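Geometric and topological summary
Now for the letters of each chain:
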Amino acid sequence: MTLTRNPFTVAIVAGGRSRRMGRDKALVELDGRPMLEHVIERVSGLGQAQTLLVSNDHAAHARFGLPMVCDSLPDAGSLGGIYTALLNSKHCHTLVVACDMPFLGPALLSHMLALREGGHDVIVPRVAGYPQGLHAVYGQACVAPIRAQIEAGRLKVIGFYDQVRVRYLDEDEWGPLDPTGQALGNVNTPEELAAAQEGKRGVR
C-alpha cells in the first residue's frame, strides 16, 4: 500500500550501544546481509517522503546510503532516539522503527500509517498488553513531553504516553496483518540471532 496523502517520515533508530548483542546490531548479518539492510528493505515501499537513520556511528553506517542524524541529547537511550527522529522529521508524523527488527511487516506498518487521519499522537501495537514503542507512529505533539521526560532522567520509552493521545493496536487488530508472528520480533542477543537464523522468527 502506497500512501500519497499527508506526507510522513520513516526513521530507523540505530544509535544504541548494543550491549546485549556485544556488537553493532545494525551490522550483524542475518541470512548473509546486515540486519539494518533487512529493515531498510521492509520500509522501502511505504510511500514516505523522508527516510532518516538515527546513528551515532556515521562512518560504520554510511554504506546504507540514508541521511543520518546523531542523537540530539546524548545518553538518552531509545527515548532519545525517538526524540531525535521527531526533531529531524520534516513532517507531522514519523514512523519510528528499530534497527533490530528485520522481520517488519509492511502490511501492519501501512495499516498503522493509515490511522494517522484519526488525530492520534502515537499509534502503537501492544504485545501481551505492552506497547512496542520502537514500532510506532509519533506526531510532533510528542516532542515537548519527551524532552521533559529526558530532562527529568525518566527514559522509559512509553513514559510520556499518558500526556498524549495514543491509539493502541492489540493482537486482535494487528494479528491478521502479521499471521506468522514475525513483524514485532526483535533480535537483541546472540541467542535471538541464532534462533532467527534457524527460522524461529517469533522472537519478541
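Conventions used here
Residues numbered from 1 in each chain as written. Predicted model: local features only at pLDDT ≥ 70, side-chain atom pairs only at ≥ 80, totals over all residues. Heavy atoms only, no water. Helix = DSSP H or I, 4+ residues; strand = E, 2+ residues; numbered from the N terminus. Expected span 1.5 Å × (residues − 1). Buried < 20%, exposed > 50% of the residue type's maximum accessible area, 1.4 Å probe, protein only. Contact = heavy atoms within 4.5 Å. Polar contact = N/O pair within 3.5 Å; in protein donor to acceptor, adjacent residues only side chain to side chain. Core = buried A, V, L, I, M, F, W, Y, C linked by side-chain atoms within 4.5 Å. Phe/Tyr/Trp six-rings, centres within 6.5 Å; stacked < 30°, edge-to-face > 60°. pLDDT = per-residue confidence, 0-100. Salt bridge = Lys/Arg side-chain N within 4 Å of Asp/Glu carboxyl O.

Between the first and last C-alpha of helix α3 (residues 77-88) there are 17 Å, a value that for 12 residues agrees with the 16 Å anticipated at 1.5 Å per step. By the burial criterion, the buried members of α3 are Leu-79, Gly-80, Gly-81, Ile-82, Tyr-83, Thr-84, Ala-85 and Leu-86. Elements that come into contact with the buried residues of α3 comprise β1 (9-13), β4 (50-54), β5 (68-69), β6 (93-98), β9 (135-139) and α5 (143-151).

Moving on, we get to the environment of Ser-89. By the secondary structure assignment, Ser-89 is in the loop between α3 and β6. Classification of Ser-89 by relative accessible area gives buried; the value is 12%. Residues Ser-89 and Leu-52, spaced 37 residues apart in sequence, show a C-alpha to C-alpha distance of 8.0 Å. Dropping the residues within four chain positions of it, Ser-89 is found in contact with Thr-9, Gln-50, Leu-52, Thr-94 and Gln-140. Side-chain polar atoms of Ser-89 contact the side chain of Thr-94, separated by 2.8 Å.

On to the nonpolar core, then. Core analysis: the biggest nonpolar cluster contains 58 residues, and Ile-12, Tyr-138, Ile-146 and Phe-160 have the highest contact counts within it. Apart from the residues lying within four places of it in its own chain, the contact partners of Ile-146 are Leu-79, Ile-82, Tyr-83, Leu-86 and Phe-160. Listed in part, the seven residues of the second largest apolar core include Leu-30, Met-35, Leu-193 and Ala-196.

Evaluated as defined, the whole model comprises three aromatic pairs. Ring plane angle 35 degrees and centroid distance 6.2 Å describe the contact between Tyr-138 and Phe-160, whose orientation is recorded as tilted. Within this pair, whereas Tyr-138 is found in strand β9, its partner Phe-160 is found in the loop between α5 and β10 (166-169), the two being separated by 22 residues in sequence. Residue classification places Phe-160 among the buried positions, given a relative accessible area of 0%.

Moving on, we get to α5. Looking only at α5, the buried set comprises Val-143, Pro-145, Ile-146, Gln-149 and Ile-150. In the core, the buried residues of α5 are packed alongside α3 and β9. After α5 finishes, the residue Gly-153 shows a positive phi value of roughly 80 degrees.

Before going further, it helps to examine unusual backbone geometry. Phi is positive for Asp-75, close to 55 degrees, though the residue is something other than glycine. Summarising the element assignment, Asp-75 is placed in the loop between β5 and α3. Phi angles above zero are rare outside glycine, and Ala-128 is one such case at about 50 degrees. Inspection of the secondary structure assignment puts Ala-128 in the loop between β7 (122-127) and β8 (130-131).

Moving on to the confidence of the model for the protein chain. Of the residues in the protein chain, 90% reach a pLDDT of 70 or more, and the chain-wide mean stands at 90. Low pLDDT, under 50, characterises residues 200-204; the stretch is placed with 19 contacts to residues that sit more than four places away or in other chains.

On to the pattern of salt bridges. Scanning the entire structure with this criterion turns up seven salt bridges. Its salt-bridge partner being Arg-33, residue Glu-37 comes within 3.2 Å of it at the nearest N-O pair. Residue classification places Glu-37 among the partly exposed residues on the basis of a relative accessible area of 30%. In this structure, the salt-bridge partner of Asp-170 is Arg-126, at a minimum N-O distance of 2.9 Å.

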